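Descriptive analysis of the structure
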Amino acid sequence: TPKPSSAASDVYKRQGRYTVSFIEGDGVGPEISKSVKDIFAAAKVPVEWESCDVSPLLVNGVTTIPEPAVKSINKNLIALKGPLATPIGKGHRSMNLTLRKTFGLFANLRPAKSVEGFKTTYSDVDLILIRENTEGEYAGIEHVIVPGVVQSIKLITREASERVIRYAYEYARAVERPRLVVVHKSTIQRLADGLFVTVAKELASEFPDIKLETELIDNTVLNVVTDPSKYADAISVCPNLYGDILSDLNSGLSAGSLGLTPSGN
């Protein structure tokens, strides 16, 4: 789709039409993207697509995305993204992580709901998980101490924990789910995950209508596989790595794969 002028974008918005940045992605991305455009057109969704190239660039050793893509997304405020691959051994970090860092996308909203007519292990899965998106093990802080010994540092900050947990509380209230389940491993990560849990407890007084529960990641995995309906009235929130693993698990139970479980950042 040709890039519309800003004047055209203003007209679209006055008429209830919107310009959305579109990142087709890699691999099956272009095929999926064509289907998405066909579906949107058939449904007469009032959207004009603005194609974005996010091919990775290395600037002073740091992975970045092209400036035109940054400008497009900052202007339109919403983007639709297909799957992105990271070249192995090319020196680039994950493009998904780069996008999150570039735009400060601190919360990853991962719903997993059974698809009617698509048979999987369970037929009534309705899970919502919120994953902290910027730090944890994914901060990428690691180094070689001596040959054969690598140290990887998990980063948890009060600021990042508070903003994602507050978002989770607010989201639980907005979708009328009365429980917030904070998933952690503070029995081992006493300081890091301990801080995440402490922040959740400190915020609880601001949300008296939401019941706060804390749960070890081990127990969450077992409970979800045993009976996902236990979380049908809850929002789960957790640090980055746990959220990555749990969202894949939830997707497998609900739709068989990540391909049928879209998420938002």
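Below, the structure is looked at part by part. Residue indices follow the written sequence of each chain, beginning from 1 at its first position. Restriction of local features to residues with pLDDT of at least 70 applies here, the model being predicted, together with a cutoff of 80 or more for giving and counting side-chain atom pairs; totals for whole chains, interfaces and linings are based on all residues. Hydrogens and water molecules were not included; the side-chain quantities draw on all heavy atoms of the structure.

The secondary structure content of the protein amounts to 8 helices and 12 strands. Radius of gyration here is computed from C-alpha atoms only, and the compact-globule reference equals 2.2 Å multiplied by the residue count raised to the power 0.38. Over its C-alpha atoms the protein spans a radius of gyration of 20 Å, differing by no more than 12% from the 18 Å that the globule rule assigns to 265 residues. The principal-axis extent of the C-alpha atoms belonging to the protein is close to 55 × 50 × 40 Å. Contacts are assigned to residue pairs with any non-hydrogen atoms lying within 4.5 Å of each other. Taking all contacts inside the protein whose residues are at least 6 apart in sequence as the whole, residues at least 24 apart take part in 72%. For the purposes of this entry, the term helix denotes a DSSP run of H or I that reaches at least four residues, the term strand denotes a run of E that reaches at least two, and both are numbered from the N terminus.

Here the focus is the pairing of strand E8 (residues 136-146). Bridge count between E8 and strand E9 (residues 149-155): 6 bridges; the pairing is antiparallel. When the sheet's bridge partners are listed, Glu142 is paired in E9 with Ser152. Here E8 folds back onto E9 in antiparallel fashion, the turn holding 2 residues, of which Gly148 has a positive phi close to 90 degrees. Note: two strands are recorded as paired if DSSP finds a minimum of 2 bridges between them.

The next thing to look at is the pairing of strand E10 (residues 179-184). In terms of burial, E10 is a largely internal element, 6 of the 6 residues being buried. Only protein chains enter the accessibility calculation, which uses a 1.4 Å probe; a residue is then buried when its area is under 20% of its type maximum, exposed when over 50%, and partly exposed in between. Where burial is concerned, the two faces of E10 agree: the one with Arg179, Val181 and Val183 and the one with Leu180, Val182 and His184 are both buried. Judged from the 6 bridges that link them, E10 and strand E11 (residues 211-216) form a sheet pairing that is parallel. Across the sheet, residue Arg179 finds its bridge partner in E11, namely Lys211. Viewed along the sheet, the connection from E10 through helix H6 (residues 192-203) into E11 turns out right-handed. Here 4 bridges tie E10 to strand E12 (residues 234-238), and the two strands are oriented parallel to one another. Each residue of the ladder has a partner; that of Val181, found in E12, is Ser236. Here, the term right-handed applies to a crossover whose path from the first strand over the helix to the second runs clockwise when the strands point away from the viewer.

This part covers a nonpolar patch on the surface. A cluster of nonpolar side chains, namely Val115, Phe118 and Leu260, defines an oily patch on the protein surface of about 240 Å² accessible area. Along the chain, the position of Leu260 falls in the segment after helix H8 (240-254). Patch building starts from residues that exceed 30% relative accessible area and form no salt bridge, then joins like charges within 9 Å and nonpolar side chains (Val, Leu, Ile, Met, Phe, Trp, Tyr) within 5 Å. The method behind every accessible area is Shrake-Rupley, applied with a 1.4 Å probe, and residues are considered shielded solely by the protein chains displayed. We define a salt bridge as a contact between a side-chain nitrogen of Lys or Arg and a carboxyl oxygen of Asp or Glu at a distance within 4 Å.

A few words on the sheet that holds strand E6 (residues 107-113). Pairing is mixed in the open sheet, where 5 strands are placed in the order E6-E7-E12-E10-E11. Two strands close off the open sheet at either side, each with one partner strand: E6 and E11. When the angles between neighbouring strand axes are averaged without regard to direction, this sheet yields 25 degrees. Throughout, an axis means a line fitted to C-alpha atoms (over the contacting stretch in the case of helices), and angles, computed between N-to-C directions, take values from 0 to 180 degrees. Strand contacts of helix H5 (residues 158-174): E6, strand E7 (126-132), E10, E11 and E12, with the helix running at about 160 degrees to E7, the strand carrying the most contacts. Where H8 meets the sheet, it contacts E6, E7, E10 and E12, and its direction lies at approximately 160 degrees from that of E7.

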